[in-house]
Number of protein chains: 2
Amino acid sequence: MIGGSIVTDILNRKENGYESWLAYLPKSEVTKSNYKPFLKNIVLPKKDSVVVNSSKEELLRGISSMFQVELTISTVFEGTSNIVLATADDLEQVDGLIDTDKVAQLNSEGYLMKSVPESDSIIILGKTDKGILYGTFHLLRLLQTESSLQNIDIVENPRNQIRMLNEWDNMDGSVERGYSGNSLFFEDNRFVRDWDRIKDYARMLSSSGLNAVAFNNVNVHEVESKLITPEFLPDVAKVADIFRAYGIKTYLSINYASPIELGGLDTADPLDENVRNWWKEKVKEIYEYIPDFGGVVVKADSEHRPGPFTYGRNHADGSNMLAEAFEPFGGIVFWRCFVYNCLQDWRDRSTDRARAAYDHFKPLDGEFNDNVVLQIKNGPMDFQVREGVSPLFGAMPKTNQVLEFQVAQEYTGQQRHLCYLIPQWKEILDFDTYAQGEGTPIKSVVDGSKFPYTYCGITAVSNSGNDENWTGHTLAQANLYGYGRLTWNPELSSEEITDEWVKMTFGTDPVVVKEVSEMLLGSWRTYENYTSPLGVGWMVNPNHHYGPNVDGYEYDRWGTYHFADWKGIGVDRTVATGTGYAGQYFPENAEMYENVDTCPDELLLFFHHVPYTHKLKSGKTVIQHIYDTHFEGVEEAEELKSRWSSLEGKIPPMIFQGVLERFEHQVEHSKEWRDIINTYFYRKSGIADEKNRKIY
Amino acid sequence: MIGGSIVTDILNRKENGYESWLAYLPKSEVTKSNYKPFLKNIVLPKKDSVVVNSSKEELLRGISSMFQVELTISTVFEGTSNIVLATADDLEQVDGLIDTDKVAQLNSEGYLMKSVPESDSIIILGKTDKGILYGTFHLLRLLQTESSLQNIDIVENPRNQIRMLNEWDNMDGSVERGYSGNSLFFEDNRFVRDWDRIKDYARMLSSSGLNAVAFNNVNVHEVESKLITPEFLPDVAKVADIFRAYGIKTYLSINYASPIELGGLDTADPLDENVRNWWKEKVKEIYEYIPDFGGVVVKADSEHRPGPFTYGRNHADGSNMLAEAFEPFGGIVFWRCFVYNCLQDWRDRSTDRARAAYDHFKPLDGEFNDNVVLQIKNGPMDFQVREGVSPLFGAMPKTNQVLEFQVAQEYTGQQRHLCYLIPQWKEILDFDTYAQGEGTPIKSVVDGSKFPYTYCGITAVSNSGNDENWTGHTLAQANLYGYGRLTWNPELSSEEITDEWVKMTFGTDPVVVKEVSEMLLGSWRTYENYTSPLGVGWMVNPNHHYGPNVDGYEYDRWGTYHFADWKGIGVDRTVATGTGYAGQYFPENAEMYENVDTCPDELLLFFHHVPYTHKLKSGKTVIQHIYDTHFEGVEEAEELKSRWSSLEGKIPPMIFQGVLERFEHQVEHSKEWRDIINTYFYRKSGIADEKNRKIY
């Protein structure tokens, strides 16, 4: 599936997954006849905006592809069959057709969509140009999914202000934790010249609802440090131009030691006047190239990256110094909270990596500038298939927060296994922090509705690269799409998002929709079943993090242990007898996790060290649960493969074959997981499987 | 210790270990006065030989450095104080002073040394020039170690015909499994230009008794494949010139697929006429550049290297084809027996990597040409700190064999830990195979005294590189020196070799000699104590093989398992219930290993799976043995450090400091080994240490 010349690629785009959920698959004659009345003319009062132009282009492309209709374009509403793309400034165009109260409900990215049955017309009215774009994609989605255009009366505002992706791309063309080829942005230490591909990427992101991208790795190496210099800023500006046309702001990850490495200073001390001035000049220079530059992402004092600790300063000192430089331009500083001791001694049980972010940042609440945003991974460890949520959410009422997910499947099958993460993210977003008593779910923290944040929202590590189909595993596109949709509206159900994606990508054949949807929806649980059990995490091969290795990190420096012995397993993170991590949550959750009887099964080993014979709420012992889930996980992986096989002929052959090969690998690799995990625990516990299945 | 400019290096050579055991340390006045009578004139009847010239140069250098005496040179014996360097052709020079019967006992590399007290003279008489060189180094060794020159009457022949080193150097300058800097031969995909350093290396090797070097890695990659082409043969010839002057033959490792990669053929099938002709022409070409080229080393069908299996041929087909090409020129083909399935399934207990070499090669006995030599690693696995010996020794009476050791400390501390391997090699050489009944030790197999081999001897992977002191750890020089000495004479005791090396390297101070000798002699056991127990092997981190990782290879494809569970540990290699490997030995050994009661403790887990509570011959249980040895090993490492510290002032400061730093690391790292191994087995067995020491 991967490779081939550019000519082949373009010819194959309809077939190889490149078109993704924007394939705009041709509709049947019956469907066409239902929609044809609406599809004649675009009313476009405002023509000089790049964003509106993108909307128009997309609409022309989509309608032409699905319905083989070439729309006409006018500046005013004429007769019937109009699709109106207007902003609130163009209200006179739709006089009397729009409820002005509803217009007042729109935020700067929101839109109205309203059908006008009497004239077979659709009005999309954005508060600004961006609203038109999002509304256009919404309309196209309705057409793609063959939803009714009758009686539409929608007011849509994105729930999250920041809806972002972090690309971990390096300028040598590699992608850190990238599982779908190389960078879309860089090769050979310069920018790629395939700007068209970046534009297609922008279309995908925008269509899913995203509005921000930081396109270089948070680990900023030597060449990448120079992205904020005149050597590369003209190219950064070109990328920003492309993204801007799709409503997306451009950010960069920066090297905290830039004043030394670029500026020739002998320090990067945030309180040093020369350093502060250097950054001010530097930021001014960036905005000369990109007047609407979004800001920067900073990984400081983390995993050997430089930061303020070097100078005896704290994270507030470090981030505020940068924030001051960005403040005049409206730029934001994303400051990552992934700070922990990565040189831990496994013999020292008093140190708990899970505690680190809270311990580092909670005491600083209120000390950060208004344009600093703390970027907090969903869990306290590192994007495991299952872990608790970060106790920082809701714990810093005076500090802007964004939640960070990982769309890249670093620990969840690396896009060789199917692992659809929307259900996981839903659980996290819906998790009640109790920060303001019952009813303070994480989604209400990060959308800013509970605290007076200046900036907030959701960001995530991207899963895309220059593979033909963007994400390696074509079904992994669903994670990217779904991520965007969730950031726009966390209330969408997993089922709704899945249904949209399948229909947009593969069409509306009910068999395909049912099978692929069910496959996606159950795949996270399947992956969890055959990998590390009950929330304990890790058990992967060091460094590349692929495949089972129960003791892979057990005696290592990374603070990631399971403490399995002949009697039991798990990490005691209770306040009473453990590391005290459970106490970092608000009392309701702290108590739930503290008590082994109320701690949910799926996180039992994250919070407690228990005997293998401990009975779960399911009634099974821990050891039997391990055996059962691992046997079941493989059976489920086999079922995924056979369900996919049953779709042959209903899926474009190249995609079908590529995905089938991945399922074949998944089945084999899930057996490796099953057998190593089961053998490990059987060898350690000496407790036989009740069902006498084969354990080596 | 490592680094510094070339100028500094040369200035520091007396101080940084560069001069190795050829430092020729200045002697005290008392010592000088004892030897001065002998040190006046060299009698050199034959002047036109490069080897004799090397002998003369070395003698001048050594005497000058130790005694500050500049010897005169004459062609005839004159008066008193003559050191005669003659060959059997020059017998008239020493008429009446030499017993001609003894001359007849010399082989082509042997020599006589005889003192003539009445004229304070020493006669060194080689059968050929090479004998003069070895005799000269012998004389210098006597002077270095301050041995008496009175009443010397020695006949020395090397016991092994082939005394070889395999350098695993790549042309990019790296050294596979190299722990002492980069290559002495290559950098940046060409030859180095520091030919002087290669000459000094040749002096070291020759002084220890070696006579053969293959100086590129047995894994022959793309560039290295071209070493046998006119692009590089002129440089190979230069290296051969340097080695030749020190009695050393030059060999190369070759790529079995050369006919394809260099010759443009579409096959490397050994029975293909074009392939056979290609090799014949190729070998002819090599000999045009190097008329006394030694031959080639071949790693074929091993660890993804190409070989005859690709064409459905066997190892005899593959090696004989090459041997035919080399036969007219007297060249040898070393064919490595390190052939096994490296894609094993850990779940399949019927496959045993230990069996592989015997299973592959034993059936082919008698099918190999006379100039093929099978190169057999000392053990059936891969240079572990302890494993059984290869059952192939003595099992192929009709097939030339060389024994392969590893001087490079891949699995024995990587030259960061002290691990003096002479005692290990002695045990192996002395191991009685019973191939011809009692009294058929391995040394008698590989020296050709038991079977009518055309070629035989010993080879080893080198431990040297371009670090200032050649071997990273200065004390690791002792392994290189001792290896050479053992190949010359396997009857030398570890103590004799150690005593020589310490005195030659650090002088004759009795405190230094006693301390360093004892440190060296006990260090293998110390390393074994704190690493993998009772012969089970492995338990190292994958790939780089450094540091403890008990399950590192346990679920991997490399066939290297310990099968530890809650009850016990070890690999059942018995005939009765296991893989049958034990049955590959001759009956006496097969029975010894088969029976758990007669199997030696130190190999117990190599041959048997036993409960942790199994009582060793020492009276300890297996688990208590593990705990005890690991605690003891660390104590011994600490003692090594403190003993070395006590020598401050008696060792050149740069060497002292460099070695001290390595001991400091060794102590810390031995604790890591101790704690991980002990914790692993405590967690698994649940059996507490009888002495209640700290297990994490």
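Residues numbered from 1 in each chain as written. Chains lettered and ligands numbered in written order. Predicted model: local features only at pLDDT ≥ 70, side-chain atom pairs only at ≥ 80, totals over all residues. Heavy atoms only, no water.

Participant: Is there a simple way to explain the UniProt feature "domain: Glycosyl hydrolase family 67 C-terminal" (unreviewed entry) in chain A in this structure?
Facilitator: Mapped onto this structure's residue numbering, the UniProt feature "domain: Glycosyl hydrolase family 67 C-terminal" (unreviewed entry) falls at residues 471-693 of chain A. Secondary structure content for residues 471-693 of chain A is 52% helix and 2% strand, and the end C-alpha separation is 36 Å. (UniProt positions renumbered as here; feature names shortened; annotations may be inferred. Helix = DSSP H or I, 4+ residues; strand = E, 2+ residues; numbered from the N terminus.)

Participant: Hey, could you run me through the sheet that holds strand 3 (residues 82-87) of chain A in this one?
Facilitator: Where strands meet in a sheet, backbone hydrogen bonds hold them as pairs that are either parallel or antiparallel. Residue and element names in this part refer to chain A. Pairing is mixed across the open sheet formed by six strands, whose spatial order is 2-1-3-5-4-6. In this open sheet, the two strands that pair with only one neighbour each are strand 2 (72-74) and strand 6 (153-156). Ignoring strand direction, the axes of neighbouring strands in this sheet form an average angle of 15 degrees. Most of the contacts of helix 3 (residues 50-67) go to strand 3, to which it runs at about 160 degrees, and overall it touches strand 1 (41-43), strand 2 and strand 3. (Pairing = 2+ DSSP bridges. Axes fitted to C-alpha atoms, helices over the stretch in contact; angles between N-to-C directions. Contact = heavy atoms within 4.5 Å.)

Participant: When you look at the environment of A:Thr621 in this model, what are you seeing that I'm missing?
Facilitator: Residue and element names in this part refer to chain A. Mapped onto the secondary structure, Thr-621 falls in the loop between strand 18 (610-611) and helix 20 (622-645). For the pair Thr-621 and Ile-42, spaced 579 residues apart in the sequence, the C-alpha separation amounts to 63 Å. Of the polar contacts made by the side chain of Thr-621, one reaches the backbone nitrogen of Gln-624; its length is 3.0 Å. (Polar contact = N/O pair within 3.5 Å; in protein donor to acceptor, adjacent residues only side chain to side chain.)

Participant: Looking at this model, I keep getting lost on the packing of aromatic side chains. Mind explaining?
Facilitator: Given two aromatic rings, their pairing is described by the distance between the two centres and the angle made by the two planes. Taken as a whole and assessed by the stated rule, the structure comprises 92 aromatic pairs over all chains. Centroid distance A:Tyr287 to A:Phe329: 4.5 Å. Interplanar angle 10 degrees. Geometry classified as stacked. Taken as a pair, A:Tyr287 in helix 10 (residues 273-289) and A:Phe329 in the loop between helix 11 (315-326) and strand 13 (332-336) lie far apart in primary sequence, 42 residues in all. Both rings, one in B:Tyr527 and one in B:Tyr530, keep their centres 5.3 Å apart while their planes meet at 70 degrees; by these two values the pair is edge-to-face. You can see B:Tyr527 and its partner B:Tyr530 sitting in helix 17 (residues 510-530), three residues apart, about one turn around the helix. The same class applies to B:Tyr527 and to B:Tyr530, which are both buried. Taken together, the aromatic side chains of A:Tyr18, A:Phe185, A:Phe186, A:Phe191, A:Trp195, A:Tyr201, A:Phe215, A:Phe232, A:Phe243 and A:Trp470 make up a single cluster linked through ring pairs. The ring of A:Phe606 carries the charged tip of A:Arg573 above its face, separated from the ring centre by 4.3 Å. (Phe/Tyr/Trp six-rings, centres within 6.5 Å; stacked < 30°, edge-to-face > 60°. Buried < 20%, exposed > 50% of the residue type's maximum accessible area, 1.4 Å probe, protein only. Lys NZ or Arg CZ within 6 Å of the ring centre and 35° of its normal.)

Participant: Just checking my understanding: could you explain helix 15 (residues 477-488) of chain B for this structure?
Facilitator: Quick reminder: α-helices carry 3.6 residues per turn. Residues three or four places apart thus point the same way. Residue and element names in this part refer to chain B. In this model, helix 15 (12 residues) spans 17 Å end to end at C-alpha, consistent with the 16 Å of a helix rising 1.5 Å per residue. With respect to burial, helix 15 is a largely interior element, 12 of its 12 residues being buried. Taken together, the buried positions of helix 15 are occupied by Gln-477, Ala-478, Asn-479, Leu-480, Tyr-481, Gly-482, Tyr-483, Gly-484, Arg-485, Leu-486, Thr-487 and Trp-488. (Expected span 1.5 Å × (residues − 1).)

Participant: Honestly, the packing of helix 5 (residues 129-144) of chain B against helix 6 (residues 195-208) of chain B in this entry has me stumped. Any pointers?
Facilitator: Any two packed helices are characterised by how steeply their axes cross, that is the angle between the axes, and by the distance between the axes. Residue and element names in this part refer to chain B. In the contact formed by helix 5 and helix 6, the axes pass within 9 Å of each other and the chain directions differ by 85 degrees. On the basis of their axis angle, the class for helix 5 and helix 6 is roughly perpendicular. Where helix 5 approaches helix 6, its residues Leu-133, Tyr-134, Phe-137 and Arg-141 are matched on the opposing element by Arg-203, Ser-206 and Ser-207. Taken together, the residues of the contact of helix 5 with helix 6 break down into three nonpolar, two polar and two charged. (Parallel < 35°, antiparallel > 145°, perpendicular 65-115°, else oblique. Nonpolar A, V, L, I, M, F, W, Y, C, P; charged D, E, K, R; others polar.)

Participant: Help me out: how do you make sense of the confidence of the model for chain A in this one?
Facilitator: Atom-level detail of predicted coordinates should not be read off regions where pLDDT is low. All names here are of chain A. When pLDDT is averaged along chain A, the result is 95; 98% of the residues meet or exceed 70. A low-confidence stretch, residues 1-7 (pLDDT under 50), is modelled with 11 contacts involving residues beyond four sequence positions or located in other chains. Two summary scores accompany this predicted model of the complex, namely pTM at 0.93 and ipTM at 0.91. (pLDDT = per-residue confidence, 0-100.)

Participant: How should I be thinking about the relation of the copies chain A and chain B in this particular structure?
Facilitator: Between the two copies of this chain, the relationship is a rotation about some axis together with a displacement along it. Aligned on chain B, chain A shows an RMSD of 0.0 Å; the corresponding rotation is 180 degrees and the shift along the axis is 0.0 Å. Taken together, the rotation angle and the small translation identify this as a two-fold axis. When C-alpha distances to the rotation axis are compared across chain A, the minimum falls at A:Lys684, with a value of 2.7 Å. Of the interface residues in chain A, 100% have counterparts in chain B that sit at the interface too, so the contact is made through matching surfaces. (Least-squares fit on C-alpha atoms with pLDDT ≥ 70 in both.)

Participant: Help me out: how do you make sense of the interface of chain A and chain B in this one?
Facilitator: Interface size is commonly expressed as the accessible surface area that is lost when the partners come together. With 22 residues of chain A in contact, the opposing surface of chain B contributes 22 residues. With both chains or domains summed, chain A and chain B bury close to 2200 Å², and 55% of this area falls on carbon and sulfur atoms. Put simply, chain A and chain B have six salt bridges between them. Ionic pairing is found between A:Asp675 and B:Arg347, a salt bridge with its closest N-O pair at 2.3 Å. One can count 12 residue pairs in polar contact (both at pLDDT 80 or more) joining chain A with chain B. A class-by-class count of the residues in the side of chain A that touches chain B yields nine nonpolar, three polar and 10 charged. (Buried area = accessible area lost by both parts, 1.4 Å probe. Salt bridge = Lys/Arg side-chain N within 4 Å of Asp/Glu carboxyl O.)

Participant: How should helix 5 of chain B be read in this particular structure?
Facilitator: Residue and element names in this part refer to chain B. With 16 residues, helix 5 extends 23 Å from end C-alpha to end C-alpha; this agrees with the ideal 22 Å at 1.5 Å per step. Among the 16 residues of helix 5, 15 are classified as buried, and the element is accordingly described as predominantly covered. Following helix 5 by one or two positions, Glu-146 has its phi on the positive side, about 60 degrees.

Participant: What is the right way to look at the sheet that holds strand 6 (residues 153-156) of chain B in this model?
Facilitator: Residue and element names in this part refer to chain B. Here six strands make up an open sheet; going across it, the order is 2-1-3-5-4-6 and the pairing mixed. Of all the strands in the sheet, just strand 2 (72-74) and strand 6 have a single pairing partner and so form its edges. If you compare each strand with its neighbour and ignore which way they point, the axes differ by 15 degrees on average.

Participant: Just checking my understanding: could you explain the side chain of A:Gln414 for this structure?
Facilitator: Residues and elements named next belong to chain A. Relative to the assigned elements, Gln-414 resides in the loop between strand 15 (401-406) and helix 13 (422-430). Only 3.0 Å separates the side chain of Gln-414 from the backbone oxygen of Glu-410, close enough to count as a polar contact. Setting aside its immediate chain neighbours within four residues, Gln-414 contacts Tyr-179, Gln-409, His-544, His-545 and Tyr-546.

Participant: Please explain unusual backbone geometry as it appears in this structure.
Facilitator: Glycine aside, the phi torsion of most residues is negative, and most peptide linkages are trans. Positive phi is not limited to glycine here, since A:Gln415 has a value of about 60 degrees. Note on placement: A:Gln415 falls in the loop between strand 15 and helix 13.

Participant: I'm lost on the pairing of strand 16 (residues 457-461) of chain A in this one. Help?
Facilitator: Note on strand geometry: in a regular strand, side chains alternate between the two faces of the sheet. Residue and element names in this part refer to chain A. Among the five residues that make up strand 16, five are buried, leaving the element largely enclosed by the rest of the structure. Both faces of strand 16 are covered, namely the face carrying Gly-457, Thr-459 and Val-461 and the face carrying Ile-458 and Ala-460. Bridge count for strand 7 (residues 162-166) against strand 16 is three bridges, and the pairing is parallel. Following the sheet pairing, Ile-162 is matched in strand 16 by Gly-457. In this structure, strand 15 lies alongside strand 16, joined through five bridges in parallel fashion. The partner of Phe-405 across the bridge, within strand 16, is Ala-460.

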